[in-house]
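As a plain string of letters, each chain reads:
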Amino acid sequence: MAVILIIGANGQLGSELKTVSENYYGYHFVFTDIGELDITDSNLTADFIRKTQPDWIVNCAAYNLVDKAENESDKAMLINGTAVKNIAMSIRGTECRFIHISTDYVFDGMSNVPYNENSVPNPAGVYGRSKLEGEKAALLHPGSMIIRTSWLYSSYGTNFVKTIFGKAKENDSLKVVFDQTGTPTWAADLAESIMLIISGVIRNQIAFNAGIYQYSDEGVCSWYDFAEAIVVEAGINCKIIPILSRDFPTLAKRPFYSVLDKSKIKENYNLMIPHWRSSLKKCIKQLMK
Ligand SMILES: NC(=O)c1ccc[n+]([C@@H]2O[C@H](COP(=O)([O-])OP(=O)(O)OC[C@H]3O[C@@H](n4cnc5c(N)ncnc54)[C@H](OP(=O)(O)O)[C@@H]3O)[C@@H](O)[C@H]2O)c1
């Protein structure tokens, strides 16, 4: 029975993978978070992996505090870079397949056409730089697949959807930036796609091809459009007011444009990706239960 180790399983994506895994039979899932396996500890990581003997590892663990990272670069680099190397070095020389999650923040956001896997990364901040280090570290193992994603949200954890949903209920209006463009991704969609890839490869229906891939939901929007859609779907009477990024200063610079081209992952793994708006509807339904 194939052993699938999910690291960082208490976060948004990890929690969605737990939910999705209930529909996948015949696999042995091992879910860990920092309490069971702290991936910054190289000996612990090597021991745990040697004992668990996974056929697949999905690393959802990360340091995701984009602004805080500017003042905690050592911590961000340790979790997003060094710890990924610890995983890669523990499976180097084995047949274990490694899916590591990265981000649109590896790009500087100065493009006006979607970034593809050949676009040159140029992170604008510490978080993006640490995630880029993680990509390089993961690729030390030849059986690694990087999936860059963007604007992740879920009914689990803390994210933009839950923040706007909460704030909109308490305010008549909210100001949201409209000059940053990207694509929201429901973590449940990404989790399902990851399981389709893993199960398709295990059943020899699709070929595993290592390397860098990109995944977000379909479509494009600004954070303003996203917030507007959240209040509309939730039926909350709150006016969303568009503002410029310069009127909402943050510690870390955000990419103005970070739309990801998903052609490669769709073609290689036969994926049908939902539009962000239809997935948002489903997530809001869960939040309103
Ligand atoms: N969130 C986004 O908008 C976004 C956008 C693009 C890409 N991504 C990427 O997508 C992936 C999944 O993100 P997510 O939003 O699901 O993350 P998340 O909700 O922040 O979850 C990350 C999990 O990793 C755990 N963790 C932290 N340090 C660890 C360590 N040393 N060892 C083991 N586990 C550790 C965290 O525990 P604690 O909570 O205790 O720290 C948390 O449970 C990440 O690679 C992230 O960089 C996210």
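Structural data are supplied above this passage.
**Looking at the site of the ligand**
Phase 1 of the analysis: The environment of the ligand is made up of 25 residues, and the closest members are Gln12, Leu13, Asp33, Asn64 and Lys131.
Phase 2 of the analysis: Take Gln12: an N or O atom from its side chain is 2.9 Å from an oxygen atom of the ligand.
Phase 3 of the analysis: In isolation the ligand exposes 910 Å². Once the protein is present, 79% of that is buried.
Phase 4 of the analysis: Counting only elements with at least two residues in the shell around the ligand, the list comes to helix H1 (12–21), strand S4 (97–103) and helix H4 (126–138).
Phase 5 of the analysis: The leading source of residues in the shell around the ligand is S4, at 3 residues.

**Observations concerning the pairing of strand S2 (residues 27–32)**
Phase 1 of the analysis: In the sheet, strand S1 (residues 2–7) pairs with S2 via 6 bridges, with the strands oriented parallel. Bridging across to S2, Ala2 finds its partner in Tyr27.
Phase 2 of the analysis: You can see the chain leave S1, run along H1 and come back into S2, and the turn it takes is right-handed.

**Regarding helix H5 (residues 160–170)**
Phase 1 of the analysis: Taken as a whole, H5 has its buried residues at Val161, Ile164, Phe165 and Ala168. What you see down the axis of H5 is that its buried residues fit within an arc of 100°, all on one side.
Phase 2 of the analysis: In the core, the buried residues of H5 are packed alongside strand S6 (152–153), strand S7 (173–177), helix H7 (223–234) and helix H9 (276–288).
Phase 3 of the analysis: Where H5 begins, the side chain of Asn159 points an oxygen toward the backbone nitrogen of Val161, at a separation of 3.2 Å.

**What about the sheet that holds strand S10 (residues 211–214)?**
Phase 1 of the analysis: Spatial strand order, S2-S1-S3-S4-S5-S10: 6 strands in an open sheet with parallel pairing. The outermost strands of the open sheet, each flanked by one partner alone, are S2 and S10. Across this sheet, the average inter-strand angle for adjacent strands is 20°, counted without regard to direction.
Phase 2 of the analysis: Bridging between strand S5 (residues 144–149) and S10 involves 4 bridges; their strand directions are parallel. Its bridge partner lying in S10, Met145 is registered against Gly211.

**Here we look at the side chain of Asn159**
Phase 1 of the analysis: As for its placement among the helices and strands, Asn159 is situated in the loop between S6 and H5.
Phase 2 of the analysis: Side-chain polar atoms of Asn159 contact the backbone oxygen of Tyr156, separated by 3.4 Å.
Phase 3 of the analysis: Only 3.2 Å separates the side chain of Asn159 from the backbone nitrogen of Val161, close enough to count as a polar contact.
Phase 4 of the analysis: If near-sequence neighbours (up to four positions away) are discounted, Asn159 is found in contact with Gln12, Leu152, Tyr153 and Ser154.

**Concerning the environment of Ile99**
Phase 1 of the analysis: Mapped onto the elements, Ile99 comes out in strand S4.
Phase 2 of the analysis: On the basis of relative accessible area, Ile99 is assigned to the buried category, the value being 0%.
Phase 3 of the analysis: Spatially, the C-alpha atom of Ile99 lies 37 Å from that of Ile243, the residues being 144 residues apart in sequence.
Phase 4 of the analysis: With sequence-adjacent residues up to four places away left out, Ile99 is seen in contact with Trp56, Ile57, Val58, Asn59, Met145, Ile147, Ile194 and Ile198.

**Focus: the nonpolar core**
Phase 1 of the analysis: With 33 residues, the main nonpolar core has Ile194 and Tyr269 as its most contacted residues.
Phase 2 of the analysis: Listed by contribution, the elements that provide at least two residues to this core are S1, H1, S2, strand S3 (56–59), S4, S5, helix H6 (187–202) and helix H8 (263–269).
Phase 3 of the analysis: Once residues within four sequence positions are removed from consideration, Tyr269 is found in contact with Met145, Ile197, Val201, Ile206, Ala207, Phe208, Asn209 and Tyr213.
Phase 4 of the analysis: Counting 28 residues, the second-largest nonpolar core is a separate cluster that includes Ala229, Val231, Cys283 and Ile284.

**Focus: the packing of helix H3 (residues 73–91) against H4**
Phase 1 of the analysis: It is at 8 Å that the axes of H3 and H4 come closest, and there the two elements cross at 10°. Taken together, the axes of H3 and H4 lie roughly parallel to each other. Two secondary-structure elements touch here, H3 through Ser73, Ala76, Met77, Asn80, Gly81, Val84, Lys85 and Ala88 and H4 through Val126, Tyr127, Arg129, Ser130, Lys131, Glu133, Gly134, Ala137 and Ala138.
Phase 2 of the analysis: Looking at the contact of H3 with H4 residue by residue, the class counts come to 8 nonpolar, 5 polar and 4 charged.

**A closer look at the packing of aromatic side chains**
Phase 1 of the analysis: Overall, the coordinates contain 13 aromatic pairs when judged by the stated rule.
Phase 2 of the analysis: The interplanar angle of 55° and the centroid separation of 5.4 Å between the aromatic rings of Tyr213 and Tyr269 together place this pair among those described as tilted. In this pair, Tyr213 sits in strand S10 while Tyr269 sits in helix H8, placing the two residues 56 residues apart along the sequence. Here Tyr213 matches Tyr269 in class, with each residue buried.
Phase 3 of the analysis: Connected via pairs of aromatic rings, a cluster forms that spans Trp151, Tyr153, Phe160, Trp223, Phe226 and Trp276.
Phase 4 of the analysis: Sitting over the ring of Tyr213, Lys264 keeps its end group 4.4 Å from the ring centre.

Quick notes on the rules
Residues numbered from 1 in each chain as written. Predicted model: local features only at pLDDT ≥ 70, side-chain atom pairs only at ≥ 80, totals over all residues. Heavy atoms only, no water. Near = heavy atom within 4 Å. Polar contact = N/O pair within 3.5 Å; in protein donor to acceptor, adjacent residues only side chain to side chain. Areas by Shrake-Rupley, 256 points an atom, 1.4 Å probe, with all protein chains shown as cover. Helix = DSSP H or I, 4+ residues; strand = E, 2+ residues; numbered from the N terminus. Pairing = 2+ DSSP bridges. Right-handed = clockwise from strand over helix to strand, strands pointing away. Buried < 20%, exposed > 50% of the residue type's maximum accessible area, 1.4 Å probe, protein only. Arc of directions from axis to C-beta. Contact = heavy atoms within 4.5 Å. Axes fitted to C-alpha atoms, helices over the stretch in contact; angles between N-to-C directions. Core = buried A, V, L, I, M, F, W, Y, C linked by side-chain atoms within 4.5 Å. Parallel < 35°, antiparallel > 145°, perpendicular 65-115°, else oblique. Nonpolar A, V, L, I, M, F, W, Y, C, P; charged D, E, K, R; others polar. Phe/Tyr/Trp six-rings, centres within 6.5 Å; stacked < 30°, edge-to-face > 60°. Lys NZ or Arg CZ within 6 Å of the ring centre and 35° of its normal.

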